[in-house]
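Descriptive structure summary
In case you want the letters, here they are:
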Amino acid sequence: MKTKVFIVICLAFLITGCNLFKNDKLPIEMIAFNYLTNEEQKKIPVSPKDSVVKEITVSEELGQKLDKKLIGKTIYTVTFNHTEDDSSGKLVVYIAKDKKTVIGKGYERKK
């Protein structure tokens, strides 16, 4: 009887221990992708991983669009490749330093 209890306890520790190392954190590209509308998601021809993630400092110009309180702060941009069209540049999602809070979205200037 003691052996069975010991085995059950060991299995319980083994199962719960494995869950401690599990990483449920979504990649920043998926955070950005999930924020998009269905129409915007359809513009991404390959995958959300086909994007460029950059850490930037919010300029005066960008701060006017997003939030004046962000000017001078560091945030992330996720720029989705192959989303530009005749009138606008690539689709960009702005994410806070915590890598999970979406601040806003927009399009790059057409070059």
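Everything here concerns the structure above.
Overview of the structure.

The rules behind these values
Residues numbered from 1 in each chain as written. Predicted model: local features only at pLDDT ≥ 70, side-chain atom pairs only at ≥ 80, totals over all residues. Heavy atoms only, no water. Salt bridge = Lys/Arg side-chain N within 4 Å of Asp/Glu carboxyl O. Helix = DSSP H or I, 4+ residues; strand = E, 2+ residues; numbered from the N terminus. Buried < 20%, exposed > 50% of the residue type's maximum accessible area, 1.4 Å probe, protein only. Pairing = 2+ DSSP bridges. Axes fitted to C-alpha atoms, helices over the stretch in contact; angles between N-to-C directions. Contact = heavy atoms within 4.5 Å.

Some points on the pattern of salt bridges
Within the structure shown, the criterion is met by 5 salt bridges. Taking the shortest distance from any N to any O, the salt bridge between Lys43 and Asp85 comes out at 3.8 Å. Here the residue Lys43 occupies a position in the loop between helix H3 (38–42) and strand E1 (51–57), and Asp85 occupies one in the loop between strand E2 (74–80) and strand E3 (91–95), the gap between them amounting to 42 residues. Among the residues examined, Asp85 registers a relative accessible area of 29% and is labelled partly exposed. One salt bridge connects Glu61 with Arg109, and the closest N-O pair in it is separated by 2.1 Å. Here Glu61 is found in helix H4 (residues 60–66), whereas its partner Arg109 is found in the segment after strand E4 (102–107), with 48 residues between them in sequence. Residue Arg109 is classed as exposed on the basis of its relative accessible area, which comes to 61%.

A word on the sheet that holds E3
Sheet architecture is open: 4 strands sit in the order E1-E2-E3-E4, paired in antiparallel fashion. Strands with a single pairing partner mark the edges of an open sheet, and in this sheet they are E1 and E4. Recorded for the sheet is a direction-independent mean angle of 25° between the axes of neighbouring strands. Relative to E3, E2 is paired through 5 bridges, and the arrangement is antiparallel. By the bridge assignment for E3, Val78 is matched with Val93. Those strands touched by helix H2 (residues 28–35) are E1, E2, E3 and E4, and its axis lies near 70° from that of E2.

So yeah, pure geometry; function would need other evidence.
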